[in-house]
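Reading the structure
Here's the letter readout for the chains.
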Amino acid sequence: MQTRVVKVDPYEPRDDLLIACAQALRAGALVAFPTETVYGLGANALMPGAIAKVFEAKGRPQDNPLIVHVSRIESVAPLVREISATASRLMETFWPGPLTLLFPRSDLVPSIVTAGLPTVAVRMPDHPVAHRLIDLSGVPVAAPSANISGSPSPTTFEAAFSDLDGKVDFIVDGGPAGIGVESTVLDISGPIPVVLRPGGLSVEDLSQVLGEIRVVTQIPAGAPPSPGMKYKHYAPKAAVLLASGTPEDQRRAVVLQALKALISGKKVAVLASAENAPGYSRLAQSYPGSFFALELGSRSDLAPVAARLFSSLRYADQLGADLILAESFPEAGLGLAIQNRLHRASGGRKTPPAKDATLNLLMVCSGNTCRSPMAEAIMRKMWDASAIAARVWSRGTSAAPGLPASPEAVTVMSSQGLDLGGHRSALVTEADLVEADLVVTMTAAHKRALLDLFPVHRAKVRTLDEVSLGAAGGDVSDPIGRGQQDYERTAEVLARGLSVLARTLSGLLE
Ligand code: TXA
Ligand code: MG
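All values derive from a computational prediction rather than experimental measurement.

Definitions and cut-offs
Residues numbered from 1 in each chain as written. Chains lettered and ligands numbered in written order. Predicted model: local features only at pLDDT ≥ 70, side-chain atom pairs only at ≥ 80, totals over all residues. Heavy atoms only, no water. Near = heavy atom within 4 Å. Polar contact = N/O pair within 3.5 Å; in protein donor to acceptor, adjacent residues only side chain to side chain. Areas by Shrake-Rupley, 256 points an atom, 1.4 Å probe, with all protein chains shown as cover. Helix = DSSP H or I, 4+ residues; strand = E, 2+ residues; numbered from the N terminus. Nonpolar A, V, L, I, M, F, W, Y, C, P; charged D, E, K, R; others polar. Pairing = 2+ DSSP bridges. Axes fitted to C-alpha atoms, helices over the stretch in contact; angles between N-to-C directions. Contact = heavy atoms within 4.5 Å. 1 Å grid on protein atoms, 1.4 Å probe; cavity = no way out; pocket = protein on both sides within 12 Å on 5 of 7 lines; lining within 4 Å. Points joined across faces, edges and corners; volume = space filled by probe spheres on them. Phe/Tyr/Trp six-rings, centres within 6.5 Å; stacked < 30°, edge-to-face > 60°. Buried < 20%, exposed > 50% of the residue type's maximum accessible area, 1.4 Å probe, protein only. Core = buried A, V, L, I, M, F, W, Y, C linked by side-chain atoms within 4.5 Å. Salt bridge = Lys/Arg side-chain N within 4 Å of Asp/Glu carboxyl O.

**Some points on the site of ligand 1**
Close to ligand 1 lie 27 residues, the nearest being Thr 37, Asn 64, His 69, Ser 183 and Gly 228. Measuring from an oxygen atom of ligand 1, one finds a side-chain N or O atom of His 69 at 2.6 Å. Separating an oxygen atom of ligand 1 from a side-chain N or O atom of Arg 123 is a distance of 2.9 Å. Burial of ligand 1 by the protein chains amounts to 97% of its free accessible area of 680 Å². Of all elements in the fold, only strand 3 (39-44), strand 4 (67-69), strand 6 (119-123) and strand 10 (194-197) reach the threshold of two or more residues within the shell around ligand 1. Here the shell around ligand 1 gets three residues from one element, more than from any other, and that element is strand 6. Of the residues assigned to the shell around ligand 1, the class counts are 14 nonpolar, nine polar and four charged.

**What to know about the sheet that holds strand 16 (residues 358-365)**
Strand order in the open sheet formed by four strands is 17-16-18-19, with parallel pairing between adjacent strands. The open sheet is flanked by strand 17 (389-396) and strand 19 (461-463), the only strands paired with a single partner. For this sheet, the mean inter-axis angle between neighbouring strands, taken without regard to orientation, is 25°. Contacts from helix 7 (residues 247-263) reach strand 16, strand 18 (438-441) and strand 19 within the one sheet, and its direction differs from that of strand 16 by about 30°.

**A look at empty space enclosed by the protein**
A complete count under the given rule lists one cavity of 30 Å³ or more for this structure. Put simply, the largest cavity is a space of about 30 Å³. Lining the largest cavity are Thr 184, Pro 198, Gly 199, Leu 201, Ser 202, Val 203, Gly 333, Leu 336 and Ala 337. When grouped by side-chain class, the residues that make up the lining of the largest cavity number five nonpolar, four polar and no charged.

**What about the packing of aromatic side chains?**
Note on aromatic pairs: each is described by the distance of the centres and the angle between the planes. Enumeration according to the criterion identifies two aromatic pairs in this entry. The interplanar angle of 35° and the centroid separation of 5.5 Å between the aromatic rings of Phe 157 and Phe 161 together place this pair among those described as tilted. With a gap of four residues between them, Phe 157 and Phe 161 both fall in helix 5 (residues 157-164), about one helical turn apart. Ring geometry for Tyr 280 against Phe 291: centres 6.4 Å apart, planes inclined by 50°, an arrangement best described as tilted. Note that Tyr 280 is positioned in the loop between strand 13 (268-273) and helix 8 (281-286) and Phe 291 in strand 14 (residues 291-297), a separation of 11 residues in sequence. Owing to a relative accessible area of 3%, Phe 291 belongs among the buried residues under this scheme.

**Digging into the sheet that holds strand 15 (residues 323-326)**
Sheet strands line up and pair through hydrogen bonds in the backbone, either parallel or antiparallel. A sheet is described by the order of its strands in space; here four strands give the open sequence 12-15-13-14, paired in parallel fashion. The sheet is open, and its two borders are formed by strand 12 (239-242) and strand 14, each paired with just one other strand. Along the sheet, successive strands turn relative to each other by an average axial angle of 20°, direction set aside. As paired elements, strand 13 and strand 14 share six bridges and run parallel to each other. By the bridge assignment for strand 14, Leu 271 is matched with Leu 294. Contacting strand 13, strand 14 and strand 15, helix 7 crosses the sheet at an angle of about 170° to strand 15. Along the sheet, helix 9 (residues 302-318) contacts strand 13, strand 14 and strand 15; its crossing angle with strand 14, the most-contacted strand, is approximately 160°.

**Examining the environment of Gly 228**
One can find Gly 228 in the loop between strand 11 (214-215) and strand 12. Along the chain, Gly 228 and Arg 424 lie 196 residues apart, while their C-alpha atoms are 56 Å from each other. The contact partners of Gly 228, leaving out residues within four places of it in the chain, are Asn 64 and Arg 344.

**Notes on the nonpolar core**
Met 363, Met 374, Met 379, Met 413, Leu 494 and Leu 498 are the most contacted members of the largest nonpolar core, which has 58 residues in total. Per-element tally for this core: the top contributor is helix 16 (residues 484-509), with 10 residues. Those residues in contact with Leu 498, other than ones at most four positions away along the chain, are Met 363, Ala 375, Ile 378, Met 379, Met 382 and Leu 464. Ranked by size, the runner-up nonpolar core spans 47 residues in total, among them Phe 55, Leu 66, Val 68 and Ile 171.

**What about the pattern of salt bridges?**
Summed over all chains, the structure comprises 20 salt bridges. For the salt bridge of Asp 135 with Arg 72, the shortest nitrogen-to-oxygen distance reads 2.8 Å. Here Asp 135 is found in helix 4 (residues 128-137), whereas its partner Arg 72 is found in the loop between strand 4 and helix 3 (85-94), with 63 residues between them in sequence. The class of Asp 135 is buried, set by a relative accessible area of 17%. Between Asp 432 and Arg 395 there is a salt bridge whose closest N-O contact spans 3.2 Å. Taken together, the residues span a long stretch of sequence, with Asp 432 in helix 13 (residues 430-435) and Arg 395 in strand 17 at a distance of 37 residues. In this structure Asp 432 comes out as buried when scored by relative accessible area, which is 7%. Overall, Arg 395 belongs to the partly exposed group, its relative accessible area being 21%. Among the ionic contacts, a cluster of salt bridges with common partners joins Asp 15, Arg 72, Glu 74, Arg 132 and Asp 135.

**What to know about the environment of Glu 182**
When you line up the elements, Glu 182 lands in the loop between strand 8 (170-173) and strand 9 (184-187). A C-alpha to C-alpha distance of 8.4 Å links Glu 182 and Ala 337, two positions 155 residues apart in sequence. Among the polar contacts listed, one links the side chain of Glu 182 to the side chain of Arg 341, at a separation of 2.8 Å.

As structure tokens, this is what we get:
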């Protein structure tokens, strides 16, 4: 299908530009347009055939009902069986605006719109383009968010175009949508009003009019009160992890997860608060082209955060991020909707708190009796004072299992107060590579051996010389069979290289 783009002034859209869209909409065509929340994908709500095309274009599950949009309050009556006093009050107070109300539906509303439910969701958008388009069409307009089902809702023309080009008849380009998260969906059928989807109108604002309100946070077993709740939504292509805790806890958890992913060769985008964003500059400097901190806005001013949320999730995908780490925002005002969307984008997956997380460092040589056990002991001691826990262990590429460390290694280490008495050699396995965040080999040959054995883990394997930026002076040669002095020299080389590594890592994790 050829999609026509109609560009209008968002503040004063000209009727002569909108009229063709409005007529097509009335006649059953699909027209995407901006609202004050997100872009919507509109169709004539009274034509079941047009509604079926909406579900098809979005790839939307048939049991997820649509919101019907009107431009005048008097357009509600024919769609519903009853307008309660509460509903009237809410419409007078908050319409036009980001509030969707559920009503008992009249027979005029085709059941495909409500997915067979006895209620119909209605809202009056507060956007000159949406308002004028609906008004000119002369019909109620069913409009879900104008994205492919499951992905972040479009808050710009470009996002709507990228999802729907070729699938709809018209897209009206009216610039960025305003609020950036969808409308608040409210059920007022029971004694206590229930927010089924937190959105652009805050619960605090609603409470001013309604008093007590419940917000559905958990999806109850059985039939969810709003079908949209049960579907994966707002999810970009990248995996998303949500941080929690104090801002400082979040920053630390995000930095650690980012570093782990970066070491293993992944691209990482952080959705950051303005407060924490400067705390990511070190990672950005160290991993240019692989690490991106996308600043959403201040924790104390959430409107810009909401406005940037979906476009930042989409931008992270465009950057090719494998992992998105999102900070949490305070759950007041728009924050409830922001957190709801982030929670769903992440599928409920969280970053482990920094205090529970460990950095896993594996040291590798050949026999795992001299160099790598010494490296393990030295690194463990160097890391001791760090705020982030590390697990350090060692393995050999050709180790005979169960051997103690060589007597010379034991002696040299004990002169530094380090005990290798309990060490037993072990052969490196795939499980070691999976567990390790960083694998440090003593020589380039060890690295090659690991890459041959475990090519999928290639990104996290480095030589000590590489991770110490040359401080190890090339390969750390094998002291075995040589004198005590050689072991002492080996210990010095290891300490030089590992201290650079420890400094680099703790600098990045600071
Ligand atoms: O801000 C918005 O509401 C945007 C713009 C375009 O107006 N529209 C929007 O529509 O977000 P959509 O289809 O993406 O989300 C509608 C939500 C879904 O979660 C759906 O399950 C719920 O509203 N819904 C619709 N009708 C319902 C009903 N009768 N009962 C319960 N939930 C309903
Ligand atoms: Mg949607």
